[in-house]
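Spelled out from the first residue to the last, the chains are:
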Amino acid sequence: MRVVFFGFQTWGVKTLQALLDLGHDVPMVVTHPTSTESYKAIFSDSVEELARAHGIPVHLTMRADHETIDVVKRSEPDVIVVNSWYTRMTEELYDLPPYGTLNMHDSLLPKSTGFSPVLWSLISGESEIGLTIHRMNSELDAGDILVQHSLPIGPADTGTELVMRGIDLIPGALDEALTALETGTAQWRPQEKSERTYFHKRSVRDSLIDWSWPAEDLERLVRALSDPYPRAFTFYRGERIEVLESKVSEIRYGGSPGRVIVQEGGGAVVSGPGAHRGQNRALVITRVRTADGAEHAGDAFFRRGGYLTSVAELDGAM
């Protein structure tokens, strides 16, 4: 098929390479300029470099403006394929090719529409992630579904591991979707709006540990925010620290949220919500990183006890 591709970062590179490996004709690639913004600089393989290496014309833009629409029209695609595109497109583009526009979204729609779906899925306790290929329309991530592939979330999986495994789903899912279009066997499934969930774009605030959360949720947060993502962080005796590894305590503890209580299993036990009743599991922090980049074992670093807080202030612990 003749495919115009819109994409960015490693997701875009994997998709473009798959289109080439599958033998499709790619007359034009549309991608964003290189960016230093935090989440755009992560997994930042270059779609532009891959396209130029294969002699494919590249259109660099931040948004699908009139010039973009014009170059796509002149490319006369059978279908447009989109993966990791940061700005809204237009209905004129969606319906321009005979087969419309396919978007690749790394969740099992209608769950986890919006941004950073793999990280949010892990944080929120979902049992699986996946890749959905759907028809684009005027509503974000809401078009009819053509293909879905899923992956289980394991009890020790990190956000980075899940993202990379999700990226590996791209070639197979793309082949299935384009083959269905070519052979006339495509079966479209409308999304059930009542099952839809939406997550906003992540920011620094979303990595700040809230000690009112249950330990099970905090343990998933720490795993989700694995390098190279901005790490989960808190403040201890006025210093910002990143929590690199943690686990849920084996026994239950009492106290007040954020208090470093004792040591357990090579880490420092930090009490959570409802701890005054002595009925909650606690978060055991086993490894941290300080502002100077040094890493420390949790049991040694928190030997003095005290409180972990959400603001840079001395905790006043005795």
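Note that this is a predicted model, so its numbers are computed, not measured.

Participant: Just to check I follow, could you spell out the overall build of the protein for this structure?
Facilitator: In terms of helices and strands, the protein carries nine helices and 16 strands. Seen through its principal axes, the protein has C-alpha atoms that stretch 70 × 40 × 30 Å. Residue burial in the protein is summarised as follows: out of 318 residues, 52% are buried. A separation threshold of at least 6 residues defines the contact pool for the protein, and within that pool the share at least 24 residues apart is 66%.

Participant: Please clarify how the pairing of strand E14 (residues 280–290) should be interpreted in this entry.
Facilitator: Working note: regular strand, side chains alternate between the two faces of the sheet. Within E14, eight of the eleven residues are buried, which leaves it mostly tucked inside the rest of the structure. Across nine bridges, strand E11 (residues 239–253) lies against E14 in antiparallel orientation. Across the sheet, the residue bridging to Glu242 is Arg289, located in E14. Sheet topology note: the strand E13 (residues 267–270)/E14 ladder contains three bridges and is antiparallel. When the sheet's bridge partners are listed, Ala268 is paired in E14 with Ile285. Sheet topology note: the E14/strand E15 (residues 295–297) ladder contains three bridges and is antiparallel.

Participant: Teacher, can you tell me more about the UniProt feature "domain: Formyl transferase N-terminal" (unreviewed entry) in the protein here?
Facilitator: The positions UniProt marks with the feature "domain: Formyl transferase N-terminal" (unreviewed entry) are residues 1–169. From the first C-alpha to the last, residues 1–169 spans 20 Å; its make-up is 30% helix and 26% strand.

Participant: Would you take a moment to explain the packing of helix H1 (residues 9–21) against helix H7 (residues 170–183) for this structure?
Facilitator: Axes are the key here: two packed helices are described by the angle between their axes and the distance separating the axes. Packing of H1 against H7 leaves a shortest axis separation of 9 Å and a crossing angle of 50°. On the basis of the axis angle, H1 is oblique to H7. Handedness of the H1/H7 crossing: right-handed. Along the contact surface, H1 presents Trp11, Lys14, Thr15, Ala18 and Leu19, while H7 presents Ile170, Pro171, Leu174 and Leu178. Residue composition of the contact of H1 with H7, by class: seven nonpolar, one polar and one charged.

Participant: Help me out: how do you make sense of the pattern of salt bridges in this one?
Facilitator: Opposite charge on two side chains lets them pair, provided their charged atoms get close. Applying the stated rule across the entire model yields 16 salt bridges. Of the charged contacts, one joins Glu48 and Arg52 as a salt bridge, the two residues approaching to 3.1 Å between their closest N and O atoms. Of the two residues, Glu48 and Arg52 both sit in helix H2 (residues 47–53), four residues apart, roughly one turn of that helix. Residue classification places Glu48 among the partly exposed residues on the basis of a relative accessible area of 22%. Take Arg52: its relative accessible area is 47%, and that puts it in the partly exposed class. Taking the shortest distance from any N to any O, the salt bridge between Arg196 and Glu139 comes out at 2.9 Å. Linking Arg196 in the loop between H7 and strand E9 (198–199) with Glu139 in the loop between strand E7 (128–135) and strand E8 (145–152), this pair joins segments that are 57 residues apart in sequence. The structure contains a network of salt bridges with shared partners spanning Asp227, Arg231, Glu242, Glu245, Arg287, Arg289 and Glu295.

Participant: Just to check I follow, could you spell out the environment of Leu22 for this structure?
Facilitator: Secondary-structure assignment places Leu22 in the loop between H1 and strand E2 (25–31). Relative accessible area serves as the criterion here: at 33%, Leu22 is assigned to the partly exposed category. Between the C-alpha atoms of Leu22 and Val163, which are 141 residues apart in sequence, the distance is 23 Å. Those residues within four positions of Leu22 in sequence are excluded, and the remaining contacts are Pro171 and Asp175.

Participant: How should I be thinking about helix H3 (residues 66–75) in this particular structure?
Facilitator: Those residues of H3 that fall on the buried side of the exposure criterion are Thr68, Ile69, Val71, Val72 and Ser75. In an axial view of H3, the angular spread of the buried residues amounts to 165°, which keeps them on one side of the axis. Exposed residues on H3 whose side chains face more than 90 degrees from its buried face are His66, Glu67 and Arg74. Looking at the buried positions of H3, the neighbouring elements they touch are strand E1 (2–7), E2, strand E3 (58–60), strand E4 (79–83) and helix H4 (91–94). Count one or two residues on from H3 and you reach Glu76, which has phi positive near 50°.

Participant: Please explain the sheet that holds E2 as it appears in this structure.
Facilitator: What holds strands together in a sheet is hydrogen bonding between their backbones, with the strands either parallel or antiparallel. Taken in spatial order, the seven strands of this open sheet run E3-E2-E1-E4-E5-E7-E8, and their pairing is mixed. A strand with exactly one partner marks an edge of an open sheet, and here the two such strands are E3 and E8. Taken over all neighbouring pairs, the strand axes of this sheet differ in orientation by 15° on average, direction set aside. In the sheet, E2 pairs with E3 via three bridges, with the strands oriented parallel. Residue pairing across strands places Thr31 opposite Leu60, the latter belonging to E3. The sheet strands contacting H7 are E4, strand E5 (101–105), E7 and E8, and the helix crosses E8 at an angle near 160°.

What counts, and where the lines are drawn
Residues numbered from 1 in each chain as written. Predicted model: local features only at pLDDT ≥ 70, side-chain atom pairs only at ≥ 80, totals over all residues. Heavy atoms only, no water. Helix = DSSP H or I, 4+ residues; strand = E, 2+ residues; numbered from the N terminus. Buried < 20%, exposed > 50% of the residue type's maximum accessible area, 1.4 Å probe, protein only. Contact = heavy atoms within 4.5 Å. Pairing = 2+ DSSP bridges. UniProt positions renumbered as here; feature names shortened; annotations may be inferred. Axes fitted to C-alpha atoms, helices over the stretch in contact; angles between N-to-C directions. Parallel < 35°, antiparallel > 145°, perpendicular 65-115°, else oblique. Left-handed = near helix turned anticlockwise from the far one by under 90°. Nonpolar A, V, L, I, M, F, W, Y, C, P; charged D, E, K, R; others polar. Salt bridge = Lys/Arg side-chain N within 4 Å of Asp/Glu carboxyl O. Arc of directions from axis to C-beta.

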